[in-house]
Amino acid sequence: MTPIIRTAHCSPRASCVTVWRVTTADPLFPGKQFISTTLEVLETKTTMSGALTRRYLQRAAMAGIIIGLLYATNYAIIAAFDSVPAEAGSLRELGRLIGAIIFGWALIFIYYSRSELLTSNMMIVCVGAYHRRTSWPRALRLLGLCLVGNLIGGLLIAVLLRFSTIAEGATLAEMSAAVDHKLAYLGDGPAGWTDLLVRAILCNFCINLAMLLVYNGLIDSDLVKCLVMITAVFIFAFLGLEHSVANSVLFGIVGIREGLDWAAALGNIGIALVGNFIGGGLLIGLYYAYVNDDRRWRRG
């Protein structure tokens, strides 16, 4: 029999929620610790997005700021390596490699600063909805507020960079080229839309696979947790996968400086949001909630 500890978590403005914490892995349902931790995290987020809305928005804005700074750093690194003379040719690919690794720290900063990122919250609300710990209207409210906060933080970074020389010259050229590439998906018709959708699905699949490993209770080392998160974001950045929040920040930085086809940008973000929800919310959150649900098996 798997030992389980029953704990109750209460907040001044919310009802108590019972959390079942598995202390030993169940070989048949090894992800129950992940579910327990995710439901506990969901309760905090639901309370904040309801009773502490302004503070929740501030946490979400901080995630947007972190994404903006680290994503800009990624392109600055690519530009720096691309400008280095080399006998064997351009060092651009090495710059892409190092830039993606540095950008991987964004998820670590967000996780340890307890900031709120839309794409990881997609997984959390899907687990909660499956276990009926939240309703879809409340889940959508949480995600909507998180998106608004992420965009506010990203816009702040875009405005600050507009009045500095950080995103100029080769760095701005790299960002502009990336924007052109992302917007080209919309102009390529159904084939381009499908490509964008698949890239968005894989992007948030990687992000939330990392969060699953962080939440599942099997990794005790903070160093290993950091390596997991860096690897997930590295895959997304190096392969050119599509992240709705990162794209929004990038569009803001370039758009404020050089102008932008905002209709195409909104189209990109809309498809990326759908893909991110499928990859993180359904393929990770809903899938692992189902495969680790032992209620029917135990009743049988």
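Here the structure is a predicted model, which is why all the values come from computation and not from measurement. (Residues numbered from 1 in each chain as written. Predicted model: local features only at pLDDT ≥ 70, side-chain atom pairs only at ≥ 80, totals over all residues. Heavy atoms only, no water.)

### Considering the nonpolar core
Thought 1: Formed by 74 residues in total, the largest nonpolar core has its most connected members in Phe103, Met175, Tyr215, Met229, Phe236, Leu250 and Ile253.
Thought 2: In contact with Met229, other than residues within four places in its own chain, are Gly104, Leu107, Ile108, Tyr111, Tyr112, Ala210, Met211 and Val214. (Core = buried A, V, L, I, M, F, W, Y, C linked by side-chain atoms within 4.5 Å. Buried < 20%, exposed > 50% of the residue type's maximum accessible area, 1.4 Å probe, protein only. Contact = heavy atoms within 4.5 Å.)

### Observations regarding helix α7 (residues 169–187)
Thought 1: In a regular helix each residue adds 1.5 Å, so 19 residues correspond to 27 Å; α7 covers 27 Å between its end C-alpha atoms and thus fits that length.
Thought 2: Within the span of α7, buried status applies to Thr171, Leu172, Glu174, Met175, Ser176, Ala178, Val179, Lys182, Leu183 and Tyr185.
Thought 3: Buried residues along α7 sit against α2 (53–82), α3 (92–103), α8 (190–215), α10 (244–258) and α11 (262–291).
Thought 4: After α7 finishes, the residue Gly189 shows a positive phi value of roughly 75°. (Helix = DSSP H or I, 4+ residues; strand = E, 2+ residues; numbered from the N terminus. Expected span 1.5 Å × (residues − 1).)

### With respect to helix α9 (residues 222–238)
Two residues of an α-helix separated by three or four positions point the same way, owing to the 3.6 residues in each turn.
Thought 1: In this model α9 runs 24 Å from its N-terminal to its C-terminal C-alpha over 17 residues, within 8% of the 24 Å that 1.5 Å per residue would give.
Thought 2: Lining the buried residues of α9 we find α3, α4 (105–112), α8 and α10.
Thought 3: N-cap assignment for α9: the residue whose side-chain oxygen lies 3.2 Å from the backbone N of Leu223 is Ser221.
Thought 4: Positive phi shows up at Gly240, right after α9, with a value of about 75°. (Polar contact = N/O pair within 3.5 Å; in protein donor to acceptor, adjacent residues only side chain to side chain.)

### Remarks on the confidence of the model for the protein
Thought 1: Averaged over all residues, the pLDDT of the protein is 87; the fraction at 70 or higher stands at 87%.
Thought 2: Long-range and interchain partners of residues 1–23, a stretch whose pLDDT sits below 50, account for 46 contacts in this model, where long-range means more than four residues apart. (pLDDT = per-residue confidence, 0-100.)

### Things to note about the UniProt feature "transmembrane region" (unreviewed entry) in the protein
Thought 1: Taking the UniProt record as the reference, the feature "transmembrane region" (unreviewed entry) is found at residues 60–81, 93–113, 142–163, 196–215, 227–256 and 262–290.
Thought 2: For residues 60–81, helix accounts for 100% and strand for 0%, while the C-alpha atoms at its two ends are 32 Å apart.
Thought 3: Regarding residues 227–256, the helix share stands at 83% and the strand share at 0%, and the terminal C-alpha atoms are separated by 34 Å. (UniProt positions renumbered as here; feature names shortened; annotations may be inferred.)

### Looking at a nonpolar patch on the surface
Thought 1: Together, Leu155, Val159, Phe163 and Ile256 line one region of the surface with nonpolar side chains, adding up to about 390 Å² of accessible area.
Thought 2: On the secondary structure map, Val159 appears in helix α6 (residues 136–162). (Patch = residues over 30% accessible without salt bridge, like charges linked within 9 Å, V, L, I, M, F, W, Y side chains within 5 Å. Areas by Shrake-Rupley, 256 points an atom, 1.4 Å probe, with all protein chains shown as cover. Salt bridge = Lys/Arg side-chain N within 4 Å of Asp/Glu carboxyl O.)

### Concerning the pattern of salt bridges
Thought 1: Considering all chains together, one arrives at seven salt bridges under this definition.
Thought 2: A salt bridge links Lys45 to Glu116; the shortest N-O distance between them is 2.6 Å. Of this pair, Lys45 sits in helix α1 (residues 32–51) while Glu116 sits in the loop between α4 and α5 (118–130), and the two are 71 residues apart along the sequence. The same class applies to Lys45 as to Glu116, namely buried.
Thought 3: Three or more residues are tied together by salt bridges with common partners; here these are Asp82, Arg92 and Glu174.

### Focus on the state of the cysteines
Thought 1: Going through the model one piece at a time under the given rule, you end up with zero disulfides.
Thought 2: Left without a disulfide partner, Cys203 is nearest to the cysteine sulfur of Cys206, which lies 7.2 Å away. (Disulfide = S-S within 2.5 Å.)

### Overview of the side chain of Asn247
Thought 1: By secondary structure assignment, the location of Asn247 is in helix α10.
Thought 2: Residue Asn247 is classed as buried on the basis of its relative accessible area, which comes to 0%.
Thought 3: Polar side-chain contacts of Asn247 include one of 2.9 Å to the side chain of Asn268.
Thought 4: Excluding its chain neighbours within four sequence positions, the residues that come into contact with Asn247 are Tyr71, Lys182, Glu242 and Asn268.

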